[in-house]
Amino acid sequence: MLEQLQSTFPILSCLLFFPLAGAAVLWLFDDEDMVRTSALTISLVELALAIFVLVRFVPDSAAMQFVEQVRWIPALGISYHLAVDGISVLFVGLTAFLTVLVVIYSWDTIRHQTKLYMMSLLALETTTMGVFVSLDLILFFVFWELMLIPSYFLIKLWGGGAERHYAALKYVLYTLLGSVFMLVGIALLDINYHSYAALHHLDTSYSFDLLELLAVPIPLNQQILIFWLMFLGFAFKAPVFPFHTWLPDALLEGPIGMAVVLAGLKLGTFGFIRFSIPLLPEASKSPTVVSVVMVLGLAAIVYGAIMALIQPDFRRLLAYSSVSHLGFVVVGLFALNYQGLQGSLLTMINLGFSTAGLFFIAGFLYTRQQTTQMAAFGGMAKYTPLLATFFLLIGLASIGLPGTNGFVGEFLILLGTFKAHWLYGAIAVTGVITGAAYFLWYYERAMLGPVGKAVRESIGDLHLREMVIALSLSIMILWIGLYPAPFLHMMNGSVQALVDRLDRGTVATVDTERQEAGGQGQEEKDRQAGDSAAGAVPLAARPLPLAVN
Amino acid sequence: MTFSLTMSPSDLLLLLPEILLTCWLCVVLIVDFSFPRLPKEQLAYLSIAGLVGTLGCLAWFDISGISGTLFANMFVVDRMALFFKMFVVGATILVILASMEFVHRFKFFRGEYYFLVVMSALGMMFMASANDLLSVFVTLEFSTFGFYVLVSYLREDVASNEAGLKFFILGVFAAGLLAYGISLVYGETGKLVFSDMKSAQATPGLIIGFLLIFGALGFKIGAVPFHSWIPDTYHGSPTPVTAFLSIAPKGAAFAILLRMFFVALATFKPTWVLLLVAASILSMTYGNIVAIAQKNIKRLLAYSGIAQVGNVLIGLAAGTKMGNDAILFYLLTYLFANLGAFAIVIAVSQAIGSEEIDDYSGLGRRSPFLAFSMLIFLLSLAGVPPLAGFIGKLYIFVAAIKEGLYTLITVGLINIVISMYYYLIVVKKMYITEPHDPSPLAVSGPMKAVVYIGLAGTLIIGVYPQPVIDWVVAATMMFSDLAGPAAALPTVPPVVSSGG
């Protein structure tokens with residue numbers, strides 16, 4: 001059982017509901033400028049809260065921190081349980097960061113119903129935050145589903161493409177289809193807990209709480225069933241090949257702001273590392289599961305890269321490159337070793353800067369030419385040197401050039417994958433090469449070479465707001481690229497705990513727990529663990545298997 | 001069988017809510033006749049006052065734990081009966097509030113309308129207490145009687161007349177089935193009271209008899225294959241009557257179904273579970289698929305209602321105490337979301353005179369309040385968290401998964417996705433499509449009250465369902481013997497032993 005560190009102030013609840021409250025306040029304003037300024041203020045305050053959490057977070061610890069727990073629906077074992085650990089804490093920061101940038105980007109690019117747009121965006125922030133900080137599976141599911149509502153409206157009302165209605169509906173129905181299967185998986189976990197609790201006379205008869213579910217053994221055949229049910233939910237959302245078909249549509253037809261959130265925050269793969277792997281370690285290790293998921297991941301890498309190579313539209317290219325990158329993440333996760341998991345986690349964060357950054361660049365291009373089709377560009381660097389520079393920097397990060405953040409993550413993933421099986425690693429490497437090819441090829445055609453027919457001299461370089469976006473992304477890219485240690489330290493403890501969990505499995509974990517507990521009830525012990533850690537005592541730093549710098 | 005007709009005051013006490021409402025009903029009728037110039041709104045408020053009094057009386061019974069049986073076990077008052085009575089009375093209050101404006105469309109007998117609504121409610125209160133086959137028949141017909149008139153209340157309207165005729169003919173047919181079924185069961189067992197039938201043998205006559213009774217009740221709740229009257233009747237009836245018909249009789253009929261299956265037929269559980277699984281799968285699938293093609297919002301809600309009943313039947317098929325808790329809970333969430341949605345249909349049809357989904361275009365601009373409320377109600381019906389409908393669906397699914405009904409669950413889940421599709425069509429019309437006529441809509445006060453109550457119920461039960469769960473768990477205590485064996489014998493494969 002993981003230790004829990006409580007905080008005296010419900011910072012995570014604030015983090016969670018502040019944007020929603022902000023959205024409600026926006027409703028009161030009528031003036032468009034007032035709406036924009038308030039939205040920016042709200043998102044900045046939210047970012048400040050997130051940074052506070054990141055700073056106060058105890059690194060190198062597997063403990064759940066800033067824990068808040070209230071019984072919500074005891075009859076069904078549902079609780080309001082929030083916490084962050086090394087796996088989720090960086091996503092909290094990333095969500096707040098990207099929302100600020102999206103608000104800045106939308107300043108003058110959203111021209112109608114600005115108020116509703118900003119409200120949807122802030123509501124979306126609350127729901128994504130909720131996905132990252134919930135430890136109760138039903139609470140998690142609530143936010144997971146709620147995400148769809150603002151997303152639906154964002155794509156549908158502010159999308160640029162003609163097919164946006166179709167794209168919005170497709171997105172909602174696909175995700176919903178996946179998540180109903182996930183709900184069954186979650187319910188099965190609950191039932192399993194129930195039968196265990198009945199046999200061992202635990203206090204609670206039902207529970208959806210991640211930490212309580214972790215303490216209960218699950219038979220292998222059940223684990224595999226639950227794994228596939230949850231897999232469907234996460235795979236549709238991620239999206240993992242071949243469940244990806246909604247992604248290019250949603251990214252192309254929806255507004256840039258939505259694309260940034262969809263492509264930047266890897267909710268589906270987060271689900272794997274947060275719930276599937278720790279809850280179902282034996283299933284995750286079983287050869288069939290590993291090989292099927294690995295094959296899907298590798299297929300995604302290759303398929304996404306090849307599809308990206310032939311796209312004439314930059315946003316479609318980015319969508320397929322997203323599929324390819326997600327393949328990397330999945331492969332790294334199911335290498336099931338320390339480097340693979342750590343690399344995948346870091347890559348998920350990195351993509352939040354690089355892929356999301358490229359979508360911002362696509363937005364800048366779109367603002368200038370009203371399209372992202374290849375034909376509208378050519379030799380842009382001549383008139384827009386700053387745009388071209390940032391485009392190159394963010395793009396290189398996305399293909400993993402050393403010195404940028406992409407390199408660290410991809411390198412760790414490949415290391416882990418080679419450790420798992422050389423063949424997996426070998427196939428994954430081809431994705432890196434193709435990735436460089438499709439990006440550089442597009443960049444060369446769009447930015448360099450002879451000036452395209454459609455490109456006018458008066459096209460205009462980045463203005464102040466765009467500079468702020470590009471610059472802040474570049475800073476993060478170089479920071480993680482050159483000095484990743486703080487970020488890795490934050491995640492190390494939890495990744496190590498996850499690796500231990502994978503080694504020991506559910507049954508063994510319970511055995512040791514019972515010996516340690518020395519006859520006390522499981523519940524009792526948890527409570528004590530929570531209490532003793534209430535003073536937020538930093539845990540001994542774990543040895544880092546991978547030397548960092 | 002001899003009935004003792006001596007009644008003590010304590011027996012009368014058990015009947016107090018019904019007696020109260022009957023007296024009040026007479027008062028409403030007398031006032032209507034004596035003061036023909038009295039505005040009919042006053043009659044509505046008068047009826048509501050009586051219903052609120054009854055509700056208070058029921059709540060008092062529930063809190064102080066008054067229970068017992070009357071008339072040689074024909075009439076039972078227990079917490080489940082009280083739950084369904086409050087359910088019916090609550091629904092009736094909301095329906096009357098929602099009718100107040102609509103009533104002006106009736107050319108004649110506006111006062112009698114309220115009388116008939118309250119009389120049907122009284123019938124359904126008796127249904128909730130029916131404990132033997134005779135009282136099932138009498139109360140069922142009593143409550144339907146009012147509806148026969150109400151459905152065809154728009155006398156000038158052909159659709160309403162057609163609805164009335166269809167409902168009447170099929171209703172009488174169902175009554176015939178019921179009477180025939182009861183006669184078979186009585187012939188086989190010589191018993192009428194549910195609790196006396198526990199030891200009955202499964203003879204062919206008994207099985208056919210119960211199948212016929214199930215058919216008649218299936219007609220009441222509108223489960224496939226007894227649903228054929230629903231679309232036309234819902235479509236043609238005055239909309240408040242449709243709203244009433246879509247919720248209150250279902251609740252009362254489920255009270256009877258619960259008693260019949262779990263008290264009289266408890267020993268045949270393995271057999272009737274299959275029957276219910278089939279009815280549930282058919283209802284959900286048929287209702288949801290046909291709903292997609294609907295152009296009229298009332299028809300859409302009619303088919304979605306068929307599908308929702310399929311969901312409730314999942315809980316019944318689970319055949320456990322938890323399943324029954326889930327049924328009660330689900331019906332309550334359905335009450336708020338469904339009546340709320342119908343209230344908006346009434347408000348819109350009052351304002352623009354149309355019930356076509358096409359005419360909901362741009363409702364988001366014309367009346368943000370109505371559109372937002374409709375969004376909430378539809379999402380709750382679809383089961384989107386954190387609204388009440390989600391908790392209801394979750395409750396039902398957990399109960400069914402616990403019993404290993406995986407086929408049923410799979411079908412149910414696929415149906416959720418299908419239902420999301422047509423609910424979203426309405427949402428799209430309201431928010432995305434440009435309005436044909438952008439003028440704002442006016443909403444009357446009582447209508448707003450209904451919508452607010454619906455919203456409050458949907459949101460509060462969704463966010464904080466615990467008190468309601470406690471209530472339904474207590475209401476089904478009579479089935480607690482079902483929970484006993486289910487909890488002791490884990491139904492999922494036993495977990496891997498952890499050593500010791």
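Conventions used here
- Residues numbered from 1 in each chain as written.
- Chains lettered and ligands numbered in written order.
- Predicted model: local features only at pLDDT ≥ 70, side-chain atom pairs only at ≥ 80, totals over all residues.
- Heavy atoms only, no water.
- Buried < 20%, exposed > 50% of the residue type's maximum accessible area, 1.4 Å probe, protein only.
- Helix = DSSP H or I, 4+ residues; strand = E, 2+ residues; numbered from the N terminus.
- Pairing = 2+ DSSP bridges.
- pLDDT = per-residue confidence, 0-100.
- Contact = heavy atoms within 4.5 Å.
- 1 Å grid on protein atoms, 1.4 Å probe; cavity = no way out; pocket = protein on both sides within 12 Å on 5 of 7 lines; lining within 4 Å.
- Points joined across faces, edges and corners; volume = space filled by probe spheres on them.
- Nonpolar A, V, L, I, M, F, W, Y, C, P; charged D, E, K, R; others polar.
- Buried area = accessible area lost by both parts, 1.4 Å probe.
- Salt bridge = Lys/Arg side-chain N within 4 Å of Asp/Glu carboxyl O.
- Polar contact = N/O pair within 3.5 Å; in protein donor to acceptor, adjacent residues only side chain to side chain.

With that settled, the discussion passes to the pairing of strand β3 (residues 78-84) of chain A. All names here are of chain A. Across the seven residues that make up β3, a large majority, seven, are buried. The two faces of β3 match: Ile 78, Tyr 80, Leu 82 and Val 84 on one face and Ser 79, His 81 and Ala 83 on the other face are all buried. What sits between the antiparallel neighbours strand β2 (residues 64-73) and β3 is a turn of four residues, in which Gly 77 has the positive phi angle 75 degrees.

Time to look at the confidence of the model for chain A. When pLDDT is averaged along chain A, the result is 84, and 91% of the positions lie at 70 or above. This model gives residues 513-549 of chain A a pLDDT under 50, and the stretch forms 56 contacts once residues within four places in sequence are excluded.

This brings us to the layout of surface pockets. As a volume, the largest pocket reaches approximately 1,700 Å³. What lines the largest pocket is a set of 46 residues, and nearest its centre among them are Leu 20, Met 119 and Ala 123 of chain A together with Phe 372 and Leu 375 of chain B. For the lining of the largest pocket, the secondary-structure elements that each account for two or more residues are α1 (11-26), α2 (32-56), α4 (114-133), α5 (137-146) and α6 (148-158) of chain A together with α14 (363-366), α15 (368-382) and α18 (445-463) of chain B. The leading source of residues in the lining of the largest pocket is α4 of chain A, at eight residues. Looking at the lining of the largest pocket residue by residue, the class counts come to 34 nonpolar, seven polar and five charged.

What follows covers the interface of chain A and chain B. The figure often quoted for interface size is the accessible area lost as the parts come together. Counting residues at the interface gives 46 residues for chain A and 40 residues for chain B. Across the interface of chain A and chain B, roughly 3,900 Å² is buried in total on both sides, 83% from carbon and sulfur atoms. Between chain A and chain B we count zero salt bridges in total. For the pair chain A and chain B, the number of links is two residue pairs in polar contact (both at pLDDT 80 or more). Of all the secondary-structure elements, those providing two or more residues to the side of chain A that touches chain B are β2, α5, α6, α7 (164-200) and α21 (485-517) of chain A. The greatest single-element share of the side of chain A that touches chain B, amounting to 20 residues, is contributed by α7 of chain A. Its residues assigned to classes, the side of chain A that touches chain B shows 34 nonpolar, seven polar and five charged.

Here the focus is the environment of Ser 199 of chain B. All names here are of chain B. Among the secondary structure elements, Ser 199 is positioned in the loop between α7 (158-189) and α8 (204-221). Given a relative accessible area of 61%, Ser 199 falls into the exposed group. Along the backbone, Ser 199 and Thr 189 are 10 residues apart, and their C-alpha atoms lie at a distance of 9.4 Å.

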